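Understanding the architecture of this molecule
Read off the chains here:
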Amino acid sequence: MASLGRTFRLLRLLPAELQTSHVKPALNLRAPISSRSFSTEELPDGTFKASDLEVTLTPPHKLQAKPDVGNLIFGRTFTDHMFTVEWDKKTQWGNPQIKPMGNLPIHPAAKVLHYAIELFEGMKAYRGVDGRIRLFRPDLNMKRLLRGARRAMLPTFDPNEFIGCIKKIVKLEQEWIPHSETSSLYIRPTFIGTDPSLGVALSNNAMLYVILCPVGPYFATGFKPVSLYADPQYVRAWPGGCGDQKLGSNYGPTVFVQKTAEARGQQQVLWLYGEDHQLTEVGTMNIFFVVKNDNGERELITPPLNGLILPGVTRFSVLDLCREWKELKITERTITMKEVKQLVKENRLLEMFGAGTACIVCPVSSITYLGEKIEIPTAEQENPVYMKVLNTLSDIYYGKLNHPWGVLVD
Amino acid sequence: MQSVLSKGVGVILRTASKHPHFFAPAATTTNSFILWETGFASHGASKQPLSSSPLRFYSAKAGLATAKDEPEKSVFISQSADIHTNLALEDWLYKNFNFENHQVLLLWRNDPCVVIGRHQNPWAEVDVNLAEESKLTIARRNSGGGCVYHDRGNLNCTFFTPRAGYDRKKNLEIICRALDRQFGLQAEVSPREDVTLHGYKQISGTAAKLGKNAYHHCTVLVDADLKKLSALLNPNTDGLESKATKSVKAPVKNLKAANDEVTVENALASIGYEYLRTYSDGNDGGEELIQKQRGFQMVNPTNEWFPGLDKIRSEFKSWDWNYGKTPEFSFQRSYPVGLGRDGNIAANISFRLNVVKGLIQLATLELPSEKQSLLDPNTFADLSAFINAIKDRPFHMGILATFEGLLFKRNNPVSLNVTHQRIRESLLNA
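Not measured: the values here are computed from a predicted model.

Along its length, chain B carries 14 helices and 17 strands. Of all 430 residues assigned to chain B, the portion counted as buried reaches 52%. Surface exposure of chain B reaches about 19600 Å², of which carbon and sulfur atoms provide 52%.

For chain A, the count of helices and strands is 8 helices and 19 strands. Radius of gyration (C-alpha) of chain A: 22 Å, near the 22 Å computed for a compact globule of 410 residues. Principal-axis analysis of the C-alpha atoms gives chain A an extent of 65 × 55 × 40 Å. Relative to its 410 residues, chain A shows a buried fraction of 56%. Contacts spanning at least 24 positions in sequence make up 71% of the contacts within chain A whose residues lie at least 6 apart. Surface accessibility of chain A: about 17900 Å² in total, with carbon and sulfur atoms responsible for 52%. Considering chain A, the positive charge centre built from 47 side chains and the negative charge centre built from 42 side chains are found 2 Å apart.

Here the focus is the nonpolar core. Formed by 109 residues in total, the largest nonpolar core has its most connected members in Phe-83, Phe-162 and Phe-191 of chain A together with Leu-93 and Cys-157 of chain B. Those residues within four positions of Phe-83 of chain A in sequence are excluded, and the remaining contacts are Phe-48, Leu-53, Pro-96, Gln-97, Ile-98, Phe-162, Cys-165, Ile-169, Leu-208, Tyr-209 and Val-210 of chain A. If you look at the next biggest cluster of nonpolar residues, it comprises 41 residues, including Val-114, Val-128, Ile-138 and Ile-387 of chain B.

Inspection of every chain in the model, using the stated rule, returns 0 disulfides over all chains. The thiol of Cys-213 of chain A is not disulfide-bonded; the next cysteine sulfur, from Cys-359 of chain A, is found 16 Å away. Taking the relative accessible area as the measure of exposure, Cys-213 of chain A reaches 5% and is therefore buried. Lacking any disulfide linkage, Cys-113 of chain B is separated from the closest cysteine sulfur, that of Cys-147 of chain B, by 9.9 Å. Taking relative accessible area as the criterion, Cys-113 of chain B reaches 1% and is therefore assigned buried.

Moving on to unusual backbone geometry. Residue and element names in this part refer to chain A. Its identity is not glycine, yet Gln-92 carries a phi of approximately 55°, on the positive side. Its location among the elements puts Gln-92 in strand S3 (residues 92–93). Despite not being glycine, Asn-383 has its phi angle at roughly 50°, a positive value. Inspection of the secondary structure puts Asn-383 in the loop between strand S18 (372–375) and helix H8 (385–397).

It is worth spelling out the interface of chain B and chain A at this point. How big an interface is tends to be stated in terms of the accessible area lost upon association of its parts. Across the contact, 37 residues belong to chain B and 37 residues belong to chain A. Carbon and sulfur atoms supply 57% of the area that chain B and chain A bury against each other, a total of about 3100 Å² over both sides. The tally of links from chain B across to chain A stands at 2 salt bridges. Of the charged contacts, one joins Glu-72 of chain B and Lys-171 of chain A as a salt bridge, the two residues approaching to 2.9 Å between their closest N and O atoms.

Right, let's get into the confidence of the model for chain A. Caution is warranted with low-pLDDT regions, since their predicted coordinates should not be read in detail. Here chain A shows a mean pLDDT of 90. Residues at 70 or above account for 92%. Long-range and interchain partners of residues 16–22 of chain A, a stretch whose pLDDT sits below 50, account for 5 contacts in this model, where long-range means more than four residues apart.

What follows deals with the confidence of the model for chain B. All names here are of chain B. Across chain B, pLDDT averages 78, with 76% of residues at or above 70. The low-confidence segment residues 1–67 (pLDDT under 50) makes 105 contacts with residues lying over four places distant or belonging to another chain. We note a pTM of 0.82 for the whole complex and an ipTM of 0.84 for its interfaces.

All names here are of chain A. Residues of helix H7 (residues 337–345) that are buried: Met-337, Val-340 and Leu-343. Taken end-on, H7 shows its buried residues confined to a sector of 125°, consistent with a single buried face. With respect to the buried face of H7, the exposed residues turned more than 90 degrees away are Lys-338 and Lys-345. On its buried face, H7 sits against strand S11 (268–273), strand S12 (278–282), strand S13 (285–292), strand S16 (349–356), strand S17 (360–369) and S18.

The next subject is the pattern of salt bridges. Residue and element names in this part refer to chain A. Tallied over the full model, the rule gives 32 salt bridges over all chains. For Glu-121, the salt bridge is made with Arg-144, and the minimal N-O distance between the two is 2.7 Å. Taken together, the residues Glu-121 in the loop between strand S5 (118–120) and strand S6 (123–127) and Arg-144 in helix H3 (residues 138–152) connect sequence positions 23 residues apart. Each of the two residues, Glu-121 as well as Arg-144, counts as buried.

Residues and elements named next belong to chain B. The interhelical angle for the contact between helix H2 (residues 83–96) and helix H10 (residues 309–317), taken along N-to-C directions, is 125°, at an axis separation of 8 Å. If you check the angle between H2 and H10, you find them oblique. Considering how the two elements wind past one another, H2 and H10 form a crossing that is right-handed. Along its contact with H2, which presents His-84, Thr-85, Leu-87, Ala-88, Leu-89, Asp-91 and Trp-92, the element H10 presents Leu-309, Ile-312, Arg-313, Phe-316 and Lys-317. Each residue belonging to the contact of H2 with H10 can be placed in one class, and the counts come to 7 nonpolar, 2 polar and 3 charged.

So, on to the pairing of strand S2 (residues 72–78) of chain B. Residue and element names in this part refer to chain B. Buried residues dominate S2, accounting for 7 of its 7 residues. Neither face of S2 is left uncovered, since the one carrying Glu-72, Ser-74, Phe-76 and Ser-78 and the one carrying Lys-73, Val-75 and Ile-77 both have all their residues buried. Where S2 meets strand S3 (residues 102–108), 6 bridges bridge the pair, whose relative direction is parallel. When the sheet's bridge partners are listed, Glu-72 is paired in S3 with His-102. Pairing geometry for S2 and strand S14 (residues 295–299), over 5 bridges, is parallel. Each residue of the ladder has a partner; that of Ile-77, found in S14, is Met-298.

What follows covers the sheet that holds strand S7 (residues 154–162) of chain B. Residues and elements named next belong to chain B. Reading across the sheet, the 6 strands line up as S11-S12-S7-S3-S2-S14 and stay open at both edges, with mixed pairing between neighbours. With one partner strand each, in any of the chains shown, strand S11 (206–210) and S14 form the two edges of the open sheet. For this sheet, the mean inter-axis angle between neighbouring strands, taken without regard to orientation, is 20°. As judged from the 5 bridges shared by S3 and S7, these two strands associate in the antiparallel manner. The residue bridging Leu-105 from the neighbouring strand is Phe-159, located in S7. The sheet strands contacting H2 are S2, S3, S7, S11, strand S12 (213–221) and S14, and the helix crosses S3 at an angle near 175°. Strands S2, S3, S7, S12 and S14 of the sheet are contacted by helix H8 (residues 264–276), whose axis makes an angle of about 165° with S2.

The rules behind these values
- Residues numbered from 1 in each chain as written.
- Chains lettered and ligands numbered in written order.
- Predicted model: local features only at pLDDT ≥ 70, side-chain atom pairs only at ≥ 80, totals over all residues.
- Heavy atoms only, no water.
- Helix = DSSP H or I, 4+ residues; strand = E, 2+ residues; numbered from the N terminus.
- Buried < 20%, exposed > 50% of the residue type's maximum accessible area, 1.4 Å probe, protein only.
- Areas by Shrake-Rupley, 256 points an atom, 1.4 Å probe, with all protein chains shown as cover.
- Rg over C-alpha atoms; globule rule 2.2 N^0.38 Å.
- Contact = heavy atoms within 4.5 Å.
- Lys, Arg positive; Asp, Glu negative; His and termini not counted.
- Charge placed at Lys NZ, Arg CZ, Asp CG, Glu CD.
- Core = buried A, V, L, I, M, F, W, Y, C linked by side-chain atoms within 4.5 Å.
- Disulfide = S-S within 2.5 Å.
- Buried area = accessible area lost by both parts, 1.4 Å probe.
- Salt bridge = Lys/Arg side-chain N within 4 Å of Asp/Glu carboxyl O.
- pLDDT = per-residue confidence, 0-100.
- Arc of directions from axis to C-beta.
- Axes fitted to C-alpha atoms, helices over the stretch in contact; angles between N-to-C directions.
- Parallel < 35°, antiparallel > 145°, perpendicular 65-115°, else oblique.
- Left-handed = near helix turned anticlockwise from the far one by under 90°.
- Nonpolar A, V, L, I, M, F, W, Y, C, P; charged D, E, K, R; others polar.
- Pairing = 2+ DSSP bridges.

See below:
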């Protein structure tokens, strides 16, 4: 009886037009997920279990030689194993598997290939100074993945079981992480709709898989701030859209815009939205501003989660750390180009930086906007906030700081 | 009893054995066989196709949590064939890894070289001139024991454990079981803890190092150049007196000679899989246990993957380590000089060196004082100057050659006669 009540309560969380019985209720992802278990009512599509993992080790003659650390280009080298688990409407989740890295057999009509029914995640495993491997806040990636799954109409699963599977494959592949302090293993969980039928409809088959890439230090040649190109004709996300989910379809069309930025001699795209040219994101990162506000206090500003912004894990971490340090006023609000130009003119814009898993923080040196180049003195600050964030996060990643955000794989 | 399902595949699962102490008691082995059959039936959908390679892909259910006291195992395969790099990698792992819950077997091969034990004398163990001519490295390792020849046909195995888990016999038994399971070779662990096949020593050189961690390494002769091995490891040690560890020589044989299908690659794979399927108490855990392990990994021994490796490598490559660590020894040769009236050798000149830390500490020339006139004064001066010059210099066999060259110079009639005398003697004795 209690479970029935909970289902009804969950249904009430849905917008009115979606409160129909055949649409899956949302998983309650408000609370931290690691501290609790999920009941079967909350998992209408069932779940797979990490204890059911079937492991096929890659035999020695199929192992790849490891390149020099300097040749670890992001996304080019993959490890020796991959994780896969499949779902279909009738039998629900199959057995999770870890097997040698290889191509996926996929039907040409698979929905992912036609309508981009695809989600992905990005997270990293780090080798600490104690030699042990840590994930960083994997529960946040799980929440984001499950929210996105609901939007893409892909099946749900127990996030703690998936984290268990990720830990197992990272343990198998841990020698792909150099024993130094500048490298990590990039983890790419990917969720695709594999239903082999044409038609823009719900996918009755799905596959969740994980591939891993060793990555060297992001800033191989030192910490160089980037130049941005802002063109209001290109819009990355819009209200009522899915810019706040990590869907592959959000990223494919941005390559073209990145190329136009490069053609103009700039390094990354600054995404603007609306008549007032709100600054939303940089490339594939969230943005932060450190300003001296009207009351003379130092303030940290970042765009709010209003549907246009991807809720980044690094973004949450920057906000959480800065709130803890109590050195700045923290505000999540929209910020426009007009305001940025004014702040720069009055020397009140101190820092602007991107935040993301790939580079942790990325200082910005200039914005090219409507024919004008606006210089931003991020790199000129003494004791900048972005350096403090970078150092604290690195200390957590590499186990120098014992912190609940660093989750050991064994 | 052969497994029906292994038809066409090189893996032979035996449930009975002629050598009971290599296999788990029959009951356990039978159980693991049945589990495997059950696994095949229930995981039909996910079964891997039987590959054409002799080792099959195993697929079975895995538990996430292993028993708390059973460590997880990895097999590391070194990407380098350089002896100094591999010795450095071995040392790096020994010094930096925590093996409490994660034990490692490192498998490595080297380009042709000779490896001497920590306390050995290279000149007593190796034909150093031949090695230099063949451009072969002589390397001193960190563990004790005897001298071994390495080339690409030789597989090196290093078993890493915490000090408490050190057990040479268990490691060698793993190798024996692997050779039996994969190739049907009945190898045995001898009382001296060598691995023998038909009485020949297969695994030449087992040595170990114990500290906070422990490693036990040994070599497996698969397809090595045995001719080169015997040429290099049988130097002329006339006149060499040393207290250094002497190698125990034994006849050796390649595994390939006993079973033509053995290659270093499949021996490596078979020993690796056997290591992964063996519990730390020495019992066989079957394919079930393999799924709980961390499997095989290639390892690239560079300083960026393993910070500090370059420093260790340069120590292993240094003259101070390879030659300077030689225990004190003496070297002496005597040569006949002069002819007496009766055609006999008049006297002997002795050349004697005392070598400490690879450097000539003392060099002496000995000749009975009344016979000094037998030696040409120029020769005598040359030899005296030479003796003085070589003091404190590194020892090498070229010194002997130079000494002989000075002594038997062509323009010295006495020495010429002596040379003829020698030739005459040798012809008479032939």
